[in-house]
Protein chains: 2
Amino acid sequence: MKHPKDFSEFVYGSGTIKMEDEFAFISKISPKQTHQPSLICGIGDDAAVYRGAPNLDEVVCVDTMVEGIHFRRDTLTPFQIGKKGLAINVSDVAAMGAVPAFYLVSIAIPPTWTEEELGEVFKGMDEIAKQHNMDLIGGDTVSIKESLVLTVTVIGRVEKGRGLYRSSAKAGDLIFITGAVGSSAAGLDLLFEKGLNGDFNEKEQILVKSHQEPLPHVAEGRMLAYSQKRIALNDVSDGVASEANEIAEASQVKMIIEADKLPIHEAMNAYPLEKRLKWALFGGEDFVLIGTVPKEEAVELADQFQTQGHLFKIIGFVEAGPASVYIKQDDELKKLKKHGYNHFQKRG
Amino acid sequence: MKHPKDFSEFVYGSGTIKMEDEFAFISKISPKQTHQPSLICGIGDDAAVYRGAPNLDEVVCVDTMVEGIHFRRDTLTPFQIGKKGLAINVSDVAAMGAVPAFYLVSIAIPPTWTEEELGEVFKGMDEIAKQHNMDLIGGDTVSIKESLVLTVTVIGRVEKGRGLYRSSAKAGDLIFITGAVGSSAAGLDLLFEKGLNGDFNEKEQILVKSHQEPLPHVAEGRMLAYSQKRIALNDVSDGVASEANEIAEASQVKMIIEADKLPIHEAMNAYPLEKRLKWALFGGEDFVLIGTVPKEEAVELADQFQTQGHLFKIIGFVEAGPASVYIKQDDELKKLKKHGYNHFQKRG
């Protein structure tokens, strides 16, 4: 019934790794250097401490991945599990327009995992962390009987009052997206079919990589926050349909997405349109950003994005009306529920 | 492979609860009102947002409890599991001298748990939260095949530069403790013996309650931070031996604890001394605070604590020497390792 409460106490931890190895493991995963100047105390005390700032709002989120539910060892390597575990949260921070700064990792380890594999999980997180100068500042390491459970908390910061919420959309706005959607779902489909070491052709490799190592759109989120325009924003973790519905509900608007404008990677060209559209709308885990912007601001933003080499694609528009999302295809409107189509409706 | 990332997306969540019930459940656990004026956005967007403050340091920690490892359903009720899950973290924040403000809850739910039981887990957390005006600001709800996993992240705040660390002890200091130790371990022993609905006498009930519903010493931590004295501090989550060793290591000092000064609840009087001492030193989960203070400051602090009705008991002293902890009993010194005694040594 010992309850190790942070990495400094991992030594009494899980019983998964032998006592001597645990010291080495903690030493291995503890950062040798930190990047955030506001950090006062990282791993090694009861809690981490960092300095508040008068000009910043604090942004915090948490996400859990469970072995057998959110990933399988035949779809992601341990490195990719770690990378994705952090990326999911960084994507949430990006969707607020914030800069990720710190993360804490709580990991429940079953006896089926080796120390080397666990090290890979932390290396995967470290790769994402390095890209954003993030510091690992705490966590918990416990044992569990069956499935690995990886819970990551991320703390980010955004200039005071500039956070981007789902509730800012208004009738007349345009809907934009910052990257291709559906690739991750297509990649997962391939992984289910062929397994982790399957023989993938060049296009398939692109899709598989999209599923295994999606990159959060932090730079895009920052450009949007920095623009100080009225922007509603969400990240595409659960598919375009779901994310658009969240914006529609939070903003109480009607959103119309034009099917032929959805950016779908050309690596998916071989699939029938229906399948591509299904993955784009309902697949999720693409970690691009979807949002709305006043019509008159869209061109300026598009220019800025193009200059920086980022995608800013208009995929629809916002109307007054009860909170709802429609997909427009061949002049026909279908209502998009969070996870499926329902009741057809002729446009006009 | 859907990955619900916060409560607003619980609806596509775990598959444990039926779709209709999930809405009701989320609505039930989502706070109807918030208490922290700095909160800008709680549950319902990609991440929570709260306002930074120039005069405050941010304190953050995370802890995971796994069914079958950290609790069993025959030792804690669902309400107590929730209460303890939050209390563990609040205790860590208290050990920094900080005020707990926010919490996020990630819960992996196996099919063996009912919606009512899950509601009880959240009610238990809410009870602790109410005591400290804390707001639930986010989380994640996922499914798991076997054991419930409860991960709580707590954010607290402390006046700039006043956080209390383990590394502040110096030779000449006195060691203090803010409450009785060993009760939780004794209570667990009784629960193992008689089960959740066992027939406990009055004294046993005190011990069982100590294990099931320990209260973090936030007020005590605040008094210590407020005193602005040089204080090293830790909470007793893993037993006095372990916590003292952490202070000794972080501060590079030798600590001597006097066995007859350890506050042990009179409800434990019936147990042999050896057992009482073992539980006090190695039991853990008492959530009192242990620390060091300069000798000349101890009386003032003791007076302040007494005025407020809190315990402030001197249990030993700090000497120069290699990082180590000794227990002094009948003029004999035994070295205290984190989880056991070793090599005896006559006090000379």
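Counting restarts for each chain, with residues numbered from 1 along the sequence as it is written. Chain letters start at A and ligand numbers start at 1, both assigned in the order the entries are written. With the structure being a predicted model, the display of local features is reserved for residues of pLDDT at least 70 and the display and counting of side-chain atom pairs for 80 or more, all residues being used for whole-chain, interface and lining totals. Hydrogens and waters are ignored; side-chain quantities use all the structure's heavy atoms.

### Observations concerning the nonpolar core
Move 1: Definition of nonpolar core: a set of buried residues of the types Ala, Val, Leu, Ile, Met, Phe, Trp, Tyr and Cys, connected through side-chain atoms within 4.5 Å. Exposure classes here rest on a 1.4 Å probe applied to the protein chains alone. A residue is buried below 20% of its type maximum, exposed above 50%, and partly exposed in between. In this structure, Leu86, Tyr103, Ile107 and Met125 of chain A are the most contacted members of the largest nonpolar core, which totals 41 residues.
Move 2: Excluding residues within four positions of it along the chain, Ile107 of chain A makes contact with Leu118, Val121, Phe122, Asp140, Thr141, Val142, Leu148, Val149 and Leu150 of chain A.
Move 3: Trp113, Phe122, Ala129 and Val152 of chain B belong to the second largest nonpolar core, which has 40 residues in total. In what follows, residue pairs with any heavy atoms lying within 4.5 Å of each other are defined as contacts.

### Description of the interface of chain B and chain A
Accessible area lost upon the coming together of the parts serves often as the stated size of an interface.
Move 1: Each partner contributes to the interface: chain B provides 79 residues, whereas chain A provides 79 residues.
Move 2: By definition, the buried area sums, over both parts, the 1.4 Å-probe accessible area that each loses when the two are put together. Carbon and sulfur atoms make up 55% of the surface buried where chain B meets chain A, a total of about 6400 Å² over both sides.
Move 3: Salt bridges are identified by distance alone: a Lys or Arg side-chain nitrogen within 4 Å of an Asp or Glu carboxyl oxygen. Put simply, chain B and chain A have six salt bridges between them.
Move 4: A salt bridge links Arg166 of chain B to Asp45 of chain A; the nearest nitrogen and oxygen atoms lie 3.5 Å apart.
Move 5: As used in this structure description, the phrase polar contact means that two N or O atoms lie within 3.5 Å; if the pair is within protein, one of them must be able to donate a hydrogen and the other to accept it, and residues adjacent in sequence are counted only when both atoms belong to side chains. For the pair chain B and chain A, the interface holds 21 residue pairs in polar contact (both at pLDDT 80 or more).
Move 6: Helix and strand definitions follow DSSP, with helices as H or I runs of at least four residues and strands as E runs of at least two, each counted in order from the N terminus. The element contributing the most residues to the side of chain B that touches chain A is strand S3 (residues 56–66) of chain B, with 11 residues.
Move 7: By this definition, two strands are paired if DSSP reports at least two bridges between them. Here strand S2 (residues 48–51) of chain A runs beside S3 of chain B; their pairing, made up of four bridges, is antiparallel. Its bridge partner lying in S3 of chain B, Val49 of chain A is registered against Val59 of chain B.

### Here we look at the packing of aromatic side chains
Move 1: The criterion for an aromatic pair is that two Phe, Tyr or Trp rings (for Trp, the six-membered ring) have centres within 6.5 Å, with stacked assigned to planes under 30 degrees apart, edge-to-face to planes over 60 apart and tilted to the rest. Applying the stated criterion across every chain, the model contains eight aromatic pairs over all chains.
Move 2: For the ring pair Tyr271 of chain A and Trp279 of chain A, a centre distance of 5.0 Å and an interplane angle of 85 degrees mean the geometry is edge-to-face. An identical accessibility class is assigned to Tyr271 of chain A and Trp279 of chain A; each is buried.
Move 3: When the centroid spacing of 4.6 Å and the interplanar angle of 40 degrees are considered together, the rings of Tyr50 of chain B and Phe102 of chain B count as tilted.

### A word on the side chain of Gln212 of chain A
Residue and element names in this part refer to chain A.
Move 1: As for its position among the elements, Gln212 is in helix H5 (residues 202–212).
Move 2: A polar side-chain atom of Gln212 sits 3.1 Å from a polar atom in the side chain of Gln80.
Move 3: With sequence-adjacent residues up to four places away left out, Gln212 is seen in contact with Thr75, Leu76, Gln80, Lys84, Leu191 and Leu196.

### So, the sheet that holds strand S4 (residues 99–109) of chain B
Move 1: One open sheet accounts for six strands, arranged S1(A)-S2(A)-S3(B)-S6(B)-S4(B)-S5(B); its pairing is mixed. Two strands close off the open sheet at either side, each with one partner strand: strand S1 (39–41) of chain A together with strand S5 (135–143) of chain B. Direction aside, neighbouring strands of the sheet carry axes that sit 20 degrees apart on average.
Move 2: Relative to strand S6 (residues 149–159) of chain B, S3 of chain B is paired through 11 bridges, and the arrangement is antiparallel. Note on S6 of chain B: the bridge partner recorded for Val59 of chain B is Gly156 of chain B.
Move 3: All axes are obtained by fitting lines to C-alpha atoms, using only the stretch in contact for helices, and the reported angles, taken between N-to-C directions, cover 0 to 180 degrees. Running over the sheet, helix H2 (residues 78–94) of chain B touches S3, S4 and S6 of chain B and is turned about 145 degrees from S3 of chain B.

Purely spatial values, then, with no claim about function.
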